[in-house]
Amino acid sequence: MPTVWIERTYESLIRDPASPLGLFPVWLLLGPRQVGKSSLLRRLSAPDRQVINLDDLETRSRATADAALFIRDFQGPLLVDEIQYAPQLLEVIKRRVDEGASAGTFWLTGSQNFEVMQGVRESLAGRVALLNLFGISDEEAKSDARTPSDQFERILETGFPKLRGVLEGASRDLYISSYLQTYIERDVRELVGIQKRRPFELFVKMCALRTGQTLNYADLGRDAGVSAVTAKDWVSLLEDSFLVKLVHPWFPNRNKRLVKSPRLYFLDAGLAAWLSGWRTVEQARLGPMAGALLETHAFGQIYRYYRHRAREVDVYYWRTRDGQEIDFLVDHGGTIQPVEVKTGLPDPRDLTPLGKLREPNWKHGVVMSLLPSSPTRLSEEWTARPFHDLSFLP
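Undergrad: Can you walk me through the overall build of the chain in this structure?
TA: The helix and strand inventory of the chain stands at 16 helices and 14 strands. In terms of overall dimensions, the chain is globule-like: its C-alpha atoms have a radius of gyration of 22 Å, near the 21 Å expected for 394 residues. The dimensions of the chain, computed from C-alpha atoms along their principal axes, are 70 × 50 × 45 Å. The proportion of buried residues among the 394 residues of the chain is 54%. Split by element, the accessible area of the chain, about 17,600 Å² in all, is 50% carbon and sulfur.

So this is what it looks like as structure tokens:
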């Protein structure tokens, strides 16, 4: 497998002494397993930064038995890997911070949101910068896929750094199947206590088959053999593990956005394709999920574009009862960017007119497409841009 380091967007932010991170003594980097959180922070660590790896069972046992006694052995800058295994350390870190720790003294990583955030809210509120790292983005990979085949090859490669450049199917199959087994054993069984391994594996696959679709918990639960209540709980677990993200519908009334049915998107379209059984470029490109996988990949790139720069973003979808829709409304700082995702160049008549929807804070609509090599004006309201070009985002 390749060992070439791919520079991550975060590197310039972490190295910049004038970055907003300088306000916080604790930096918490959250994201799914195996996306390079530890590698990134170790790469950027000064020689005097000590490392606590809580994936190691002996280390974990000592940390959870007596957190205060355990951390006495560590002075100065500290990197704590997989903090969710010993949330007891957060209270001890809080005491160190209150004694006057400088910016970035404590670097933490976590692969499970629920346990970590519960401890952060109780111990480190106002003291910690919350960051997200996901799989390698097209921007970081310097991808400029020009054809549908090239783009779907990039999707199937996934965002896992260890699969960068790995096109051989057996190697990818072994890596992803091992990844899922580790995820289920460590995060699902150990941390959350779900013992139904086989039903949960089936449930994850049922979710992958629904990426890009509006969620119906009753239908999802029925197909997976669990109740609607369990389906909703398990989707929340997948969110807390950074495997999926729910996208809510856009309404001018913000309360309605939370009560209407969301859409489910995997944060790694390649993982969704693998779970759905689409293992080759031709299967993925020509199969019935081609549009959903491309849309899922577009969502993942948009989300990474902001979160890998430590910037906040809300993404919504818009759909009417008569079938008019916009794939994504990207809301950054109150500016709304309409985005459609297409394999080709659509007929302008098939695009939703923005005139009646558009408010002063709405930008010109953009179609992310695999066809144009440069921006192509489709109408007064929509422009097609190359799929990998996200420079239009607010």
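Undergrad: Quick question: what am I supposed to make of the environment of F266 here?
TA: Position of F266 relative to the elements: it lies in strand β8 (residues 263-266). Of the residues examined, F266 reaches a relative accessible area of 1% and is grouped as buried. The spatial distance from the C-alpha of F266 to the C-alpha of P360 is 32 Å, given a sequence separation of 94 residues. Apart from the residues within four sequence positions on either side, F266 is in contact with V204, C207, A208, T211, L243, V244, L271, A272, L275 and T296.

Undergrad: Looking at this model, I keep getting lost on the layout of surface pockets. Mind explaining?
TA: The method is simple in principle: a probe with the dimensions of a water molecule rolls over the atoms, and the space it marks as empty is what remains. Empty space within the second largest pocket amounts to approximately 510 Å³. Along the wall of the second largest pocket there are 23 residues; nearest its centre are Q34, G36, S39, P161 and K162. Counting residues per element, the lining of the second largest pocket draws most heavily on helix α2 (residues 37-44), which supplies three residues. Its residues assigned to classes, the lining of the second largest pocket comprises seven nonpolar, seven polar and nine charged.

Undergrad: Hey, could you run me through the packing of helix α10 (residues 197-209) against helix α11 (residues 217-224) in this one?
TA: Any two packed helices are characterised by the angle at which their axes cross and by the distance between the axes. At a minimum axis separation of 9 Å, α10 and α11 run at an interaxial angle of 135°. Looking at the two axes, α10 sits oblique to α11. Read as a crossing pair, α10 and α11 show a hand that is right-handed. Contact residues: L202, F203, M206 and C207 in α10; L220, D223 and A224 in α11. Taken together, the residues of the contact of α10 with α11 sort by class into six nonpolar, no polar and one charged.

Undergrad: Explanation requested: the packing of aromatic side chains in the structure shown.
TA: Where two aromatic rings form a pair, the distance of their centres and the angle of their planes describe that pair. Under the defined criterion, the tally for this structure stands at 16 aromatic pairs. An angle of 45° between the planes, with centres 5.6 Å apart, marks the rings of F134 and Y303 as tilted. Of this pair, F134 sits in the loop between β5 (128-132) and α7 (138-141) while Y303 sits in helix α16 (residues 290-307), and the two are 169 residues apart along the sequence. According to the relative accessible area criterion, F134 is buried, its value standing at 2%. Relative accessible area serves as the criterion here: at 9%, Y303 is assigned to the buried category. Put simply, the rings of F134, Y265, F299, Y303 and F328 pair up and form one aromatic cluster. The ring of Y85 has R60 sitting right over it, with the charged end atom 3.7 Å from the ring centre. Here the basic side chain of R279 rests over the ring of W274, its NZ or CZ set 3.9 Å away from the ring centre.

Undergrad: Could you clarify how one ought to interpret the pattern of salt bridges in this entry?
TA: Opposite charge on two side chains makes pairing possible when the charged atoms of those side chains draw close. Scanning all chains against the criterion turns up 25 salt bridges. Measuring nitrogen to oxygen at the nearest pair gives 3.0 Å for the salt bridge that ties D98 to R127. In this pair, D98 sits in helix α5 (residues 89-98) while R127 sits in the loop between α6 (113-123) and β5, placing the two residues 29 residues apart along the sequence. Overall, R127 belongs to the partly exposed group, its relative accessible area being 22%. A salt bridge links E201 to R198, with the nearest nitrogen and oxygen atoms 3.1 Å apart. Of this pair, E201 and R198 both sit in helix α10, three residues apart, which is roughly one turn of that helix. Relative accessible area serves as the criterion here: at 60%, R198 is assigned to the exposed category.

Undergrad: What's the story with the environment of A298 in this structure? I'm lost.
TA: On the secondary structure map, A298 appears in helix α16. Along the chain, A298 and E340 lie 42 residues apart, while their C-alpha atoms are 9.4 Å from each other. Leaving out residues up to four positions away in the same chain, A298 has contacts with F328, V341, M368 and F387.

Undergrad: Got a minute to help me understand the packing of α11 against helix α12 (residues 228-240) in this structure?
TA: It is at 8 Å that the axes of α11 and α12 come closest, and there the two elements cross at 95°. The pairing of α11 with α12 is recorded here as roughly perpendicular in orientation. Note on element contacts: α12 touches α11 through A228, A231, K232 and V235, opposite Y217, A218, L220 and G221.

Undergrad: Which parts of the structure should I look at to understand the nonpolar core?
TA: Nonpolar side chains in soluble globular proteins tend to be buried together. Grouped together as the largest cluster of nonpolar side chains are 98 residues, with contacts concentrated most on L89, F200, F203, F266 and F328. Top contributing element to this core by residue count: α16, with nine residues. In contact with L89, not counting residues within four places along its chain, are L54, A63, A67, F70, I71, V80 and I83. In terms of nonpolar packing, the next biggest core, distinct from the first, is built from 15 residues, V35, L40, L41 and L44 among them.

Undergrad: Explanation requested: the sheet that holds β5 in the structure shown.
TA: What holds strands together in a sheet is hydrogen bonding between their backbones, with the strands either parallel or antiparallel. One open sheet holds the five strands; their spatial order is β2-β3-β4-β1-β5, and the pairing between them is parallel. Lying at the two open borders of the sheet, with one neighbouring strand each, are β2 (50-53) and β5. If you compare each strand with its neighbour and ignore which way they point, the axes differ by 15° on average. When strand β1 (residues 26-30) meets strand β4 (residues 106-110), the two strands line up parallel, connected through five bridges.

The rules behind these values
Residues numbered from 1 in each chain as written. Predicted model: local features only at pLDDT ≥ 70, side-chain atom pairs only at ≥ 80, totals over all residues. Heavy atoms only, no water. Helix = DSSP H or I, 4+ residues; strand = E, 2+ residues; numbered from the N terminus. Rg over C-alpha atoms; globule rule 2.2 N^0.38 Å. Buried < 20%, exposed > 50% of the residue type's maximum accessible area, 1.4 Å probe, protein only. Areas by Shrake-Rupley, 256 points an atom, 1.4 Å probe, with all protein chains shown as cover. Contact = heavy atoms within 4.5 Å. 1 Å grid on protein atoms, 1.4 Å probe; cavity = no way out; pocket = protein on both sides within 12 Å on 5 of 7 lines; lining within 4 Å. Points joined across faces, edges and corners; volume = space filled by probe spheres on them. Nonpolar A, V, L, I, M, F, W, Y, C, P; charged D, E, K, R; others polar. Axes fitted to C-alpha atoms, helices over the stretch in contact; angles between N-to-C directions. Parallel < 35°, antiparallel > 145°, perpendicular 65-115°, else oblique. Left-handed = near helix turned anticlockwise from the far one by under 90°. Phe/Tyr/Trp six-rings, centres within 6.5 Å; stacked < 30°, edge-to-face > 60°. Lys NZ or Arg CZ within 6 Å of the ring centre and 35° of its normal. Salt bridge = Lys/Arg side-chain N within 4 Å of Asp/Glu carboxyl O. Core = buried A, V, L, I, M, F, W, Y, C linked by side-chain atoms within 4.5 Å. Pairing = 2+ DSSP bridges.

Shape is all these values report; function is a separate question.
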